[in-house]
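Residues per chain are reported as follows:
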Amino acid sequence: MSNSIICTEIKNHVLHIILNRVEKMNAFTYSMLQKLSAAYTKLEADPNIRCGLLYANGTHFTAGLDLADVSKHIQRGANLFEKGKIDPLQIFDKKRTKPVVVAVQGTCLTIGIEMILANDICIAGVDTKFGQIEVKRGIFPFGGATIRFHQRCGWGNAMKYLLSGDLFNVEEALRIGLVQQVSTTPITEAAQLAERIALQAPLAVQATFSNARTAILKGQESAELQLMPTLHDLMRTKDAKEGLTSFLERREAKFEGK
């Protein structure tokens, strides 16, 4: 494994994005945020990559932001991520078009929860502890939790943890819908799910992802207006023809993203 604080590897059309600051519980420095953004930009730019997979080396997903380091950059007016690159938090800049599965374990604080909310599916280890604890530090969540936590988990559930800073366990995270599955092997389970997604028709996956996001960001009517034009575009693709042929021939489809 690389000594980089963010490692990447492509396996079966899935980009593995790995937090690797184990000695500091994967707490994010400013440099780590930039490298994470670079990894998401790679996910978006490489046509061979169909899905992302985010997880961490070590016992803990992340202890959150390394405030001693990150605050110095924020105080001088720096952006969290470089303009023109993909924002992993999907708040400040260019949006991604490919899905990302997240696996978490151990400690998952602040930006860890916001990364779950910014991505699409989360599988959590049985030992995971969560906390949106910014109010305990005199600041507030600025990576999307104030926007997405209540969308994902309901207003009362979100306010309970955003306003108190209380920690909660994986059973509670599953109950409120923050995570979709609990596993003794979360990284393995998440990798298998990401690979199943990558086996599907890439353009169809991206169209499905895009329409669902449109419904959230722009409303149901905007998403409805996209349905038939998007379907017409998909029906003209090589993958759609392969999907029909494989169905008639009773075999697994082999999609190319064309």
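The coordinates are above.
Residues numbered from 1 in each chain as written. Predicted model: local features only at pLDDT ≥ 70, side-chain atom pairs only at ≥ 80, totals over all residues. Heavy atoms only, no water.

1. Things to note about the sheet that holds strand β5 (residues 107-109)
Which entries qualify depends on this criterion: Strand pairing requires that DSSP identify at least two bridges connecting the strands. Under the DSSP-based scheme used, a helix requires at least four consecutive residues in state H or I and a strand at least two consecutive residues in state E, with every element numbered from the N terminus. Angles run from 0 to 180 degrees between N-to-C directions of axes, and those axes are lines fitted to C-alpha atoms, restricted for helices to the stretch in contact. What makes two residues a contact is simply this: any of their non-hydrogen atoms within 4.5 Å.
Taken in spatial order, the three strands make up an open sheet running β5-β7-β8, and their pairing is mixed. Edge positions in the open sheet fall to β5 and β8 (167-169), since each of these has one partner strand only. Averaged over neighbouring strand pairs, the angle between their axes works out to 25 degrees when direction is ignored. Looking at chain direction, β5 and strand β7 (residues 129-131) are connected through three bridges and run parallel. The residue of β7 that forms the bridge with threonine 107 is lysine 129. Helix α3 (residues 111-118) rests against β5, β7 and β8 of the sheet, and its axis sits at about 80 degrees to β5.

2. Structural notes on a nonpolar patch on the surface
To be explicit about the condition: Exposure above 30% relative accessible area and no salt bridge define the residues that can form patches, which grow by joining like charges within 9 Å and nonpolar side chains of Val, Leu, Ile, Met, Phe, Trp and Tyr within 5 Å. Throughout, the Shrake-Rupley method with a 1.4 Å probe supplies accessible areas, and for residues the shown protein chains are the sole cover considered. Between Lys or Arg on one side and Asp or Glu on the other, a salt bridge is scored when a side-chain nitrogen of the former is within 4 Å of a carboxyl oxygen of the latter. Type-normalised accessible area, obtained with a 1.4 Å probe on protein chains alone, sets the label of each residue: buried when under 20%, exposed when over 50%, and partly exposed for intermediate values.
Together, Leu227, Met228, Leu231 and Met235 make up a nonpolar patch on the protein surface, roughly 390 Å² of accessible area in all. Among the structural elements, methionine 228 can be located in helix α9 (residues 220-235). For methionine 228, a relative accessible area of 45% gives the class partly exposed.

3. A look at empty space enclosed by the protein
Once rolled over the atoms, a probe with the size of a water molecule shows which space is left empty. To keep it simple, the criterion reads: Buried and open spaces are told apart on a 1 Å grid over the protein atoms alone, a cavity being a set of points where a 1.4 Å probe fits but cannot get out and a pocket being an open set with protein on both sides within 12 Å along at least five of seven lines. Residues with an atom within 4 Å of a point are the lining residues. Grid points are joined across faces, edges and corners, and a volume is the space filled by probe spheres set on the points. Any residue outside Ala, Val, Leu, Ile, Met, Phe, Trp, Tyr, Cys, Pro, Asp, Glu, Lys and Arg is labelled polar, Gly included; the first ten of those are nonpolar and the last four are charged.
Counting across every chain of the model gives one cavity of 30 Å³ or more. Surrounding the largest cavity, Arg50, Ile197, Pro202, Val205 and Gln206 form its lining. Sort the elements by how many residues they give to the lining of the largest cavity and helix α8 (residues 202-218) lands first, with three residues. The class makeup of the residues in the lining of the largest cavity is three nonpolar, one polar and one charged.

4. What to know about the packing of α3 against helix α4 (residues 145-153)
Using the following cut-off: Any angle from 65 to 115 degrees is called roughly perpendicular, while one under 35 is roughly parallel, one over 145 is roughly antiparallel, and all others are oblique. Each helix crossing is assigned a hand: it is left-handed if the near helix lies turned anticlockwise from the far helix by less than a right angle, otherwise right-handed if that turn is clockwise.
The interhelical angle for the contact between α3 and α4, taken along N-to-C directions, is 60 degrees, at an axis separation of 10 Å. The angle between α3 and α4 falls in the class oblique. As α3 packs across α4, the resulting crossing turns out to be left-handed. Contact residues: α3 offers Ile113, Glu114, Ile116, Leu117 and Ala118, while α4 offers Ala145, Arg148, Phe149 and Arg152. Its residues assigned to classes, the contact of α3 with α4 shows six nonpolar, no polar and three charged.

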